Amino acid sequence: FAHNSAAEGSAIFKSKTANLEIWNSIAAQNTSLTNYHVWTSDEGGLPIGHSLLEEGLQAWHVDLGGNIAQDPGFVDLFGPDEVGGTVDDDLRLGPFSPAIDAGENNSVPNDVLDLNNNGNTIERLPYDVRESERVHSSSFEQLVDIGSYEFDVISDPVVGSPGLLRGGNLEC
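Residues numbered from 1 in each chain as written. Predicted model: local features only at pLDDT ≥ 70, side-chain atom pairs only at ≥ 80, totals over all residues. Heavy atoms only, no water.

Participant: Please provide a residue-by-residue account of the side chain of Ser25, values included.
Facilitator: Looking at where Ser25 falls in the secondary structure, it is placed in the loop between strand S3 (22-23) and strand S4 (26-27). Note on Ser25: relative accessible area 16%, which makes it buried. Polar contacts involving the side chain of Ser25 include one to the main-chain carbonyl oxygen of Trp23, which spans 3.0 Å. Excluding its chain neighbours within four sequence positions, the residues that come into contact with Ser25 are His50, Ser51, Leu52, Ile146 and Gly147. (Helix = DSSP H or I, 4+ residues; strand = E, 2+ residues; numbered from the N terminus. Buried < 20%, exposed > 50% of the residue type's maximum accessible area, 1.4 Å probe, protein only. Polar contact = N/O pair within 3.5 Å; in protein donor to acceptor, adjacent residues only side chain to side chain. Contact = heavy atoms within 4.5 Å.)

Laid out in structure tokens, this is it:
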């Protein structure tokens, strides 16, 4: 969740009646009147695990572990037009992102639509938002990355080298 704005809960707002836990998610560069980008009106709190919240956890967040309070290290947060929230923003993880290999594999949703057509709908989602392999690790552990994009050392751009090793499709 990036470049969103609201009075409060500019990235995520949980009402008292919602049953919600947040896992493997990024909230960065959002604006709100209260400066709370992940907000709940529920006194029970909002459980968050293995997520990157640029603003950090707040008192009403229930820490499920593995959370990071840093810049997510996106490839190009504002894109060539230098305006956030437009189609040219590149929210893939850069090579030094703290979100790489920092997710929780058991929190990746099941492949209920059988996206890879292998007949297995109880396996974890096999692809990220750009249809690249979901768990591609730079370590031996095969950990999922935090966020919508899985970093791929082969096809993702090298920061500072436009076009070099650039791969994947930008779909809007």
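Participant: Give me the sheet that holds strand S9 (residues 61-63): which residues, what numbers.
Facilitator: Pairing is parallel across the open sheet formed by three strands, whose spatial order is S3-S7-S9. Edge positions in the sheet fall to S3 and S9, since each of these pairs with one other strand and no more. In terms of strand pairing, S3 meets strand S7 (residues 46-49) through two bridges, oriented parallel. Bridge pairing in S7 places Trp23 opposite Gly49. (Pairing = 2+ DSSP bridges.)

Participant: Quick rundown of the environment of His50? Include the residues and the values.
Facilitator: Turning to its location among the elements, His50 is positioned in the loop between S7 and strand S8 (52-53). Taking the C-alpha atoms as reference, His50 lies 9.4 Å from Ile26; in sequence the two are 24 residues apart. Each residue touching His50, except ones within four places of it in the same chain, is listed here: Trp23, Asn24, Ser25, Gly65, Gly66, Asn67, Ala102, Gly103, Glu104 and Ile146. Polar contacts involving the side chain of His50 include one to the main-chain carbonyl oxygen of Ala102, which spans 3.0 Å.

In short, geometric facts, not functional conclusions.
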